[in-house]
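Chain by chain, the residues run as shown.
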Amino acid sequence: MPSTSIADYQVIRDGTFTLQDSTNDVETFTFAVPDDLNRSTSGARKSVLTFNMRPEQDSRVTVRMHTTNIMTNRSFSQSHTRMHQETFDIDAILSTGGGVPSEGARVQFIAVGKVTFSDVVIWYQINR
């Protein structure tokens with residue numbers, strides 16, 4: 001029987017959190033890697049990280065999954081709340097660093113400046 005892959009997602013954080021570099025803030029979450037994750041999603045079928053953000057001053061943001069940066073030191077000017085999305089190769093990320101711990105892959109948000117985040121979601125493909 002042929003299998004197919006479909007889109008799925010995890011809400012990593014629904015509420016808000018604020019990072020401010022003067023306090024060396026890093027917010028860490030866990031991405032529970034599904035057993036049926038489709039790891040061959042490179043090219044046009046990459047995974048997607050989405051989140052809302054409000055830079056309260058000119059800021060730079062880094063987001064890391066497992067041991068690899070999804071987004072590195074991206075600059076955002078002070079502004080209103082807006083949504084940002086970033087595509088990434090989930091297989092390449094989860095294959096590095098000696099394997100994923102049983103509790104899941106660590107997702108870290110790091111900011112230089114002051115940024116409020118919310119509604120962090122990771123979209124990916126699963127096999128069915």
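What counts, and where the lines are drawn
Residues numbered from 1 in each chain as written. Predicted model: local features only at pLDDT ≥ 70, side-chain atom pairs only at ≥ 80, totals over all residues. Heavy atoms only, no water. Pairing = 2+ DSSP bridges. Helix = DSSP H or I, 4+ residues; strand = E, 2+ residues; numbered from the N terminus. Polar contact = N/O pair within 3.5 Å; in protein donor to acceptor, adjacent residues only side chain to side chain. Contact = heavy atoms within 4.5 Å.

**Some points on the pairing of strand β8 (residues 105-112)**
Logical step 1: In this structure, strand β3 (residues 26-31) lies alongside β8, joined through 6 bridges in antiparallel fashion. When the bridges of β8 are listed, T30 appears paired with R106.
Logical step 2: As paired elements, strand β5 (residues 59-65) and β8 share 6 bridges and run antiparallel to each other. Within the sheet, the bridge partner assigned to R64 lies in β8 and is Q108.

**Describing the side chain of E86**
Logical step 1: Inspection of the secondary structure assignment puts E86 in strand β7 (residues 82-88).
Logical step 2: A distance of 3.1 Å separates the side chain of E86 from the side chain of H84, its partner in a polar contact.
Logical step 3: In this structure, E86 is in contact with S47, V48, L49, I70, M71 and R74, ignoring residues within four places of it in sequence.

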